[in-house]
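Observations on the model geometry
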Amino acid sequence: MIQTCLFPAAGYGTRFLPATKSLPKEMMPILTKPLVHYGVDEALEANMNNMAFVVGRGKRALEDYFDISYELEHQIAGTSKEPLLNEIREQMRKATFSFTRQNEMKGLGHAILTGKTLVKDEAFGVILADDLCVNENGEGVLAQMMKIYDRYRCSIVAVMEVPKEQTKNYGVVSGRMIEDDLLVVDDMVEKPDPKEAPTNLAIIGRYILTPDIFAILENTKPGKNGEIQITDALKFQANRGMVLAYKFKGMRFDCGCLDGFVEATNYFYNKQHDNK
Ligand code: UTP
């Protein structure tokens, strides 16, 4: 059983400046719920109940979201507005929330390594909350990955096909197909030039990682853009043992950029209206 889901959320979110000057990107709302709320729902669905956050300066709003706001609770107790808090209360009832700080922004790999203190010596999930995933007709992406983990017990990355010219924005994998939608990874490159990308299979913000990744990250040198890259650590893990890449079922909105954020907003708005 995997209990912990790690949320690296220390990035500056520069693509959403000036909003992210004082608002964590993960708190930007899709309709009335912040991005992080969708991420926690996905982790709960995958039976993880220990939510661990790696945050940076200016991310207090994330901690406050998962805490009781006594004044607010008092003000709206017994009124018609009270049910608006039901969903967040439900998350707080089902899960624990812990936080640690990444003092320097040295990349996603470094953020995950910083989360080591919050993760026991066991496998854990990772959600980048600005990647919002939905699977209308079935289980969420992390729950799909958990099923694969139960069978293979190794690190798994979620991948999707992207147009070749977009490979420069992602970690890209190549590998050998072992089942429908499942590959054993033999190579990984962080943000390759499209001409050099081995495939168009891009890693999105969902991972299951085995705990040996921490020792590997400790010895991983800064890579692309001078940052400690999780892709480099996973490539090492793949060469030494096995890492799987899973072509997930469902949709993913890149809410870290304006187009993806607007698409997600429209999608959820239309869905809400269809259900009325
Ligand atoms: P991004 O590449 O999306 O960076 O990081 P960002 O800072 O969030 O956004 P932009 O590009 O400036 O607009 C991917 C994920 O890794 C986390 C981010 O919070 C995000 O969830 N991250 C990245 C860290 O936690 N620490 C880092 O040092 C780098």
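Residues numbered from 1 in each chain as written. Predicted model: local features only at pLDDT ≥ 70, side-chain atom pairs only at ≥ 80, totals over all residues. Heavy atoms only, no water.

Under an unreviewed UniProt entry, the name given to the protein chain is UTP--glucose-1-phosphate uridylyltransferase, and the organism recorded is Campylobacter majalis. On record in UniProt, under Catalytic activity (unreviewed entry), the comment for the protein chain is "alpha-D-glucose 1-phosphate + UTP + H(+) = UDP-alpha-D-glucose + diphosphate". The Sequence similarities (unreviewed entry) comment attached to the protein chain in UniProt states, word for word, "Belongs to the UDPGP type 2 family." (UniProt positions renumbered as here; feature names shortened; annotations may be inferred.)

1. Description of the side chain of Glu190
With respect to the element layout, Glu190 can be found in strand E10 (residues 182-190). A residue is classified by how much of its surface remains accessible, and Glu190, at 12% relative accessible area, is buried. Here Lys191 takes part through its side chain, which lies 2.9 Å from a polar atom of the side chain of Glu190. Ignoring any residue separated from it by four or fewer positions in sequence, one finds Glu190 in contact with Tyr170, Gly171, Lys224, Gln229 and Thr231. (Helix = DSSP H or I, 4+ residues; strand = E, 2+ residues; numbered from the N terminus. Buried < 20%, exposed > 50% of the residue type's maximum accessible area, 1.4 Å probe, protein only. Polar contact = N/O pair within 3.5 Å; in protein donor to acceptor, adjacent residues only side chain to side chain. Contact = heavy atoms within 4.5 Å.)

2. Side note on the site of the ligand
Neighbouring the ligand are 18 residues, the closest being Thr14, Arg15, Lys25, Gln102 and Gly107. Taking Pro8, its main chain carries an N or O atom lying 3.0 Å from an oxygen atom of the ligand. At 2.9 Å from an oxygen atom of the ligand is found a main-chain nitrogen or oxygen belonging to Gly107. For the ligand, whose unbound accessible area comes to 570 Å², protein coverage reaches 81%. In a pocket analysis with a 2 Å cut-off to the grid points, the ligand is assigned to the largest pocket. Taken together, the elements giving at least two residues each to the shell around the ligand come down to strand E1 (4-9) and helix H5 (108-114). (Near = heavy atom within 4 Å. Areas by Shrake-Rupley, 256 points an atom, 1.4 Å probe, with all protein chains shown as cover. 1 Å grid on protein atoms, 1.4 Å probe; cavity = no way out; pocket = protein on both sides within 12 Å on 5 of 7 lines; lining within 4 Å. Sits in = over half its atoms within 2 Å of the grid points.)

3. Quick notes on the nonpolar core
The biggest cluster of nonpolar side chains holds 42 residues, and the ones touching the most others in it are Met51, Phe53 and Leu142. Contacts of Met51, omitting those with residues within four sequence positions, involve Cys5, Phe7, Val40, Ala43, Leu44, Ala95, Thr96, Phe97 and Ser98. (Core = buried A, V, L, I, M, F, W, Y, C linked by side-chain atoms within 4.5 Å.)

4. Considering the packing of helix H1 (residues 35-45) against helix H4 (residues 86-94)
Between H1 and H4, whose axes approach to 11 Å, the crossing angle comes to 45°. In terms of orientation, H1 lies oblique with respect to H4. The handedness of the crossing between H1 and H4 is left-handed. Contacts from His37, Val40, Asp41 and Leu44 in H1 reach Glu87, Ile88, Gln91 and Lys94 in H4. Classifying every residue of the contact of H1 with H4 gives 3 nonpolar, 2 polar and 3 charged. (Axes fitted to C-alpha atoms, helices over the stretch in contact; angles between N-to-C directions. Parallel < 35°, antiparallel > 145°, perpendicular 65-115°, else oblique. Left-handed = near helix turned anticlockwise from the far one by under 90°. Nonpolar A, V, L, I, M, F, W, Y, C, P; charged D, E, K, R; others polar.)

5. Concerning the packing of aromatic side chains
Applying the stated rule across the entire model yields 11 aromatic pairs. With 4.9 Å between their ring centres and 15° between their planes, Phe53 and Phe99 make a pair best called stacked. Note that Phe53 is positioned in strand E4 (residues 50-55) and Phe99 in strand E5 (residues 96-101), a separation of 46 residues in sequence. For Phe53, a relative accessible area of 1% puts it in the buried group. A cation over an aromatic ring shows up here: Lys33 above the ring of Tyr38, its NZ or CZ 5.3 Å from the ring centre. (Phe/Tyr/Trp six-rings, centres within 6.5 Å; stacked < 30°, edge-to-face > 60°. Lys NZ or Arg CZ within 6 Å of the ring centre and 35° of its normal.)

6. Some thoughts on the pairing of E1
The buried count for E1 comes to 6 of 6 residues, which makes it a mostly enclosed element. Here E1 runs beside E4; their pairing, made up of 6 bridges, is parallel. The residue bridging Phe7 from the neighbouring strand is Phe53, located in E4. Sheet analysis places E1 next to strand E6 (residues 124-127), joined by 2 bridges and oriented parallel. Bridging across to E6, Leu6 finds its partner in Val126. (Pairing = 2+ DSSP bridges.)

7. Some thoughts on the environment of Val55
Relative to the assigned elements, Val55 resides in strand E4. For the pair Val55 and Gln102, spaced 47 residues apart in the sequence, the C-alpha separation amounts to 6.0 Å. Discounting residues that sit within four places of it in the chain, Val55 has contacts with Ala9, Ala10, Leu62, Glu63, Phe99, Thr100, Arg101 and Gln102.

8. What about the side chain of Ser155?
Note that Ser155 resides in strand E8 (residues 155-161). On the basis of relative accessible area, Ser155 is assigned to the buried category, the value being 1%. A polar atom in the side chain of Ser155 sits 3.1 Å from the backbone nitrogen of Thr210. In this view, Ser155 contacts Ile208, Leu209, Thr210, Leu234, Gln237, Met242, Val243 and Leu244; residues no more than four positions away in its chain are not counted.

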